[in-house]
Amino acid sequence: MMGKGVECGGFSYCVNRFFFLSLFLLLVVVNGKRGYGSEQCDLFTGTWVVDESYPLYHPATCPFIEREFRCEANGRPDLIYTHYRWQPLACNLLRFNGRDFLERMRGKSIMFVGDSLSRNQWQSLTCLLHSAVPNSNYTLVRVGDVSIFTITEYKVKVMLDRNVYLVDVVREDIGRVLKLDSIEGSKLWKGADMLIFNTWHWWYRRGPTQPWDYIEMGGQVLKDMDRMKAFEKALTTWAAWVDTNIDPAKVKVFFQGISPSHYNGSLWNEPNAKSCIRQKTPVAGSTYPGGLPPAVAVLKSVLSTIKKPVTLLDITTLSLLRKDGHPSIYGLYGPKGMDCSHWCLSGVPDTWNEILYNLI
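Per chain, residues are indexed from 1 in the order of the written sequence. Where totals are concerned, whole chains, interfaces and linings use all residues; where local detail is concerned, this predicted model gives features only for residues with pLDDT of at least 70, and gives and counts side-chain atom pairs only at 80 or more. Hydrogen atoms and water are omitted, and side-chain values are computed over all heavy atoms in the structure.

Regarding helix α3 (residues 116-132)
In an α-helix, one turn spans 3.6 residues; hence positions three or four apart end up facing the same way.
Piece 1. Segments assigned H or I by DSSP are reported as helices when at least four residues long, segments assigned E as strands when at least two residues long, and all are numbered from the N terminus. Take the number of residues in a helix, subtract one, and multiply by 1.5 Å to get its expected span. For α3, spanning 17 residues, the distance from its first C-alpha to its last is 24 Å, which sits close to the expected 24 Å at 1.5 Å a residue.
Piece 2. Relative accessibility thresholds used throughout: buried, under 20% of the residue-type maximum; exposed, over 50%; partly exposed, between the two (1.4 Å probe, protein chains only). Of all 17 residues making up α3, 15 are buried, and the element is well covered by its neighbours.
Piece 3. Taking the backbone nitrogen of Leu117 as reference, a side-chain oxygen 2.9 Å away marks Asp115 as the first, capping residue of α3. Under this definition, polar contacts are N or O atom pairs within 3.5 Å; protein pairs additionally need one hydrogen-donor-capable and one acceptor-capable atom, and for neighbouring residues in sequence, both atoms have to be side-chain atoms.

Some thoughts on helix α5 (residues 294-303)
Piece 1. Restricting attention to buried positions, one finds in α5 the residues Ala295, Val296, Val298, Leu299, Val302 and Leu303. Angularly, the buried residues of α5 cover 165 degrees about the axis, an arc narrow enough to put them on a single face. Exposed residues pointing more than 90 degrees away from the buried face of α5 are listed as Pro294 and Ala297.
Piece 2. Should any heavy atoms of two residues lie within 4.5 Å, those residues are considered in contact. In this fold, the buried residues of α5 make contact with α4 (227-245), β12 (252-255), β13 (311-312) and α6 (316-320). The directions considered for the arc are those from the helix axis to the C-beta atoms.

Remarks on the sheet that holds strand β7 (residues 168-172)
Piece 1. Only when DSSP finds a minimum of two bridges between them are two strands counted as paired. As summarised here, the arrangement of the four strands in space is β7-β8-β10-β11, forming an open sheet in which the pairing is mixed. Two strands bound the open sheet, and with one partner strand each, they are β7 and β11 (220-222). Pairwise comparison of adjacent strand axes, ignoring direction, gives a mean angle of 30 degrees for this sheet.
Piece 2. Taken together, the three bridges between strand β8 (residues 175-179) and strand β10 (residues 214-217) define a ladder with parallel strand orientation. Residue Leu178 lies in a different strand from β10, and its bridge partner there is Ile215. To obtain each axis, a line is fitted to C-alpha atoms, and for helices this fit is confined to the stretch in contact; angles are then taken between N-to-C directions over 0 to 180 degrees.

Focus on the pairing of strand β3 (residues 109-114)
Piece 1. Within β3, six of the six residues are buried, leaving the element largely enclosed by the surrounding structure.
Piece 2. Residue alternation in β3 divides its side chains into two sets, Ser109, Met111 and Val113 and Ile110, Phe112 and Gly114, and both sets are buried.

Some remarks on the sheet that holds strand β5 (residues 146-151)
Pairing between the strands of a sheet is mediated by backbone hydrogen bonds and can be parallel or antiparallel.
Piece 1. The mixed open sheet is built from seven strands, whose spatial order is β4-β5-β6-β3-β9-β12-β13. Sheet topology places β4 (138-143) and β13 at the edges, where each strand pairs with a single neighbour.
Piece 2. Here β5 pairs with strand β6 (residues 156-162) via six bridges, running antiparallel. Paired with Ile151 across the strands is Val156, a residue of β6.
Piece 3. The sheet strands contacting α3 are β3, β4, β5, β6 and β9 (194-197), and the helix crosses β6 at an angle near 165 degrees.

Thoughts on the packing of α3 against helix α7 (residues 348-359)
Piece 1. Relative orientation of the contacting elements α3 and α7 amounts to 75 degrees, with a least axis distance of 9 Å. The angle between α3 and α7 places the two elements in the roughly perpendicular class. On α7, the residues that touch Leu117, Asn120, Gln121, Ser124, Leu125 and Leu128 of α3 are Pro349, Asp350, Trp352 and Asn353.
Piece 2. The nonpolar class holds Ala, Val, Leu, Ile, Met, Phe, Trp, Tyr, Cys and Pro. Asp, Glu, Lys and Arg form the charged class, and all remaining residues, Gly among them, are polar. When grouped by side-chain class, the residues that make up the contact of α3 with α7 number five nonpolar, four polar and one charged. Working definition: roughly parallel below 35 degrees, roughly antiparallel above 145 degrees, roughly perpendicular at 65 to 115 degrees, and oblique for all remaining angles.

Here's the deal with the nonpolar core
Piece 1. What we call a nonpolar core is a set of buried Ala, Val, Leu, Ile, Met, Phe, Trp, Tyr and Cys residues that are connected through their side-chain atoms within 4.5 Å. Grouped together as the largest cluster of nonpolar side chains are 54 residues, with contacts concentrated most on Ile110, Val158 and Ile355.
Piece 2. If we skip the residues at most four places from it in the chain, Val158 touches Ile110, Phe112, Trp122, Leu125, Thr126, Leu129, Ser147, Ile148 and Phe149.
Piece 3. Judged by nonpolar contacts, the second largest core, of 44 residues, contains Ile148, Phe197, Trp200 and Ala295.

Quick word on the side chain of Asp115
Piece 1. Among the secondary structure elements, Asp115 is positioned in the loop between β3 and α3.
Piece 2. Positive: Lys, Arg. Negative: Asp, Glu. His and the chain ends are not part of the count. A pair is scored as a salt bridge if a Lys or Arg side-chain nitrogen falls within 4 Å of a carboxyl oxygen belonging to Asp or Glu. Although Asp115 is buried, it makes no salt bridge; Arg119 carries the closest opposite charge, 7.5 Å away.
Piece 3. In terms of polar contacts, Asp115 uses its side chain to reach the side chain of Asn198, at 2.6 Å.
Piece 4. Once residues lying within four places of it in the same chain are set aside, the contact partners of Asp115 are Asn163, Val164, Asn198, Thr199, Trp200, His201 and Trp202.

Some thoughts on the packing of aromatic side chains
When we look at a pair of aromatic rings, we describe it by the centre distance and by the angle of the planes.
Piece 1. Here the aromatic set is Phe, Tyr and Trp, taking the six-membered ring for Trp, and pairing holds for ring centres within 6.5 Å; pairs whose planes are under 30 degrees apart are stacked, those over 60 apart are edge-to-face, and all others are tilted. For the coordinates displayed, the defined rule picks out 17 aromatic pairs.
Piece 2. Judged by centre distance (5.3 Å) and plane angle (70 degrees), the rings of Phe64 and Tyr138 are edge-to-face. Within this pair, whereas Phe64 is found in the loop between β1 (46-50) and β2 (84-88), its partner Tyr138 is found in strand β4, the two being separated by 74 residues in sequence.
Piece 3. By relative accessible area, which is 10% here, Phe64 ends up buried.
Piece 4. Note on Trp343 and Trp352: the rings are 6.3 Å apart at their centroids and 80 degrees apart in plane angle, and the pair reads as edge-to-face. In this pair, the class of Trp343 matches that of Trp352, namely buried.
Piece 5. Whether a charge sits over a ring comes down to the Lys NZ or Arg CZ being within 6 Å of the ring centre and within 35 degrees of the ring normal. The side chain of Arg76 reaches across the aromatic face of Tyr81, ending 3.8 Å from its centre.
Piece 6. Sitting above the plane of the Trp48 ring, Arg322 keeps its charged end 4.6 Å from the centroid.

Digging into the confidence of the model for the chain
Piece 1. Overall, the predicted model of the chain reaches an average pLDDT of 91, with 89% of residues at or above 70.
Piece 2. Think of pLDDT as the predictor's per-residue confidence, scored from 0 to 100. Between residues 1-38, whose pLDDT stays under 50, and residues either more than four places distant or in other chains, the model counts 24 contacts.

Let's talk about the pairing of β9
Piece 1. Here β9 shows no split at all, with Met194 and Ile196 on one side and Leu195 and Phe197 on the other all buried.
Piece 2. For β3 and β9, the ladder comprises four bridges, and the chain directions are parallel. Its bridge partner lying in β9, Val113 is registered against Phe197.
Piece 3. Here four bridges tie β9 to β12, and the two strands are oriented parallel to one another. Residue Phe197 lies in a different strand from β12, and its bridge partner there is Phe255.

Next up, the structure:
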């Protein structure tokens, strides 16, 4: 007998058995620590756990965070929301390593294309990289609709193209026309080594904040149409652009996924909550009581038709669990506004970028 409940048929047999068992456990641990190194690893199913080694940077060390994301500086008193780490159920994420990221991307360019949720993720990545090499020179300029953050030592550019629909909005004699079949704005995307796309939050805007007057599809001009169908058609136009223009040997393409909002507490079993204000902890567990937004199924359906490789940053569920991560009254408009759509920095978008790091 060698240890409780372990029988051996001789010393050499026990040694060999112990060796192979140890080797197996070592491989399991190594694969687990390598995160996405395992084919079975689902990075997007997991739970939020408190980790005092987080956040990955302090917002005070990132001078270019825009006011709408700078919750602590805007007076948010609780900071526990910054100390959560995403823990996949099947493996571990590699902690974001800014220097390693910069070395991997040396001399290359990354472009985020989308709305203010793309800006949220873009700002997160610039802060993660700047905090990794705080003494390295950087430049931050805006050329038209494109913001360009460059860490000169590594010649790495992290860019943002503000393009809320991906397809074009064109001013014509009748007014502003949202052209679901046209994607001329894509001229700005050529030359990037990594593209990270996003569109969703503007598709249901109406009234003064709607930036178009008519929709054009298939040569037909409409005053309006089913917005989900318009979203799907725009994605289909974008998908065709990817298949026609992307060389996978040169360019990596990602889609950010659908970033959720939190304005209805009944969706997370708090029916008295009408917004995200005073939310201090995530939803427990790995599933969201309210389910996924319908846009997720539409997006995945279109992505499944693309022949070229496009990786979905499937951040919807992990972000749905973070009802505590929004600016609420600590955003751009202060107590006069309620922002439960964008995310505080540091915060949830840092996890989006940590997953991006694991994927590359």
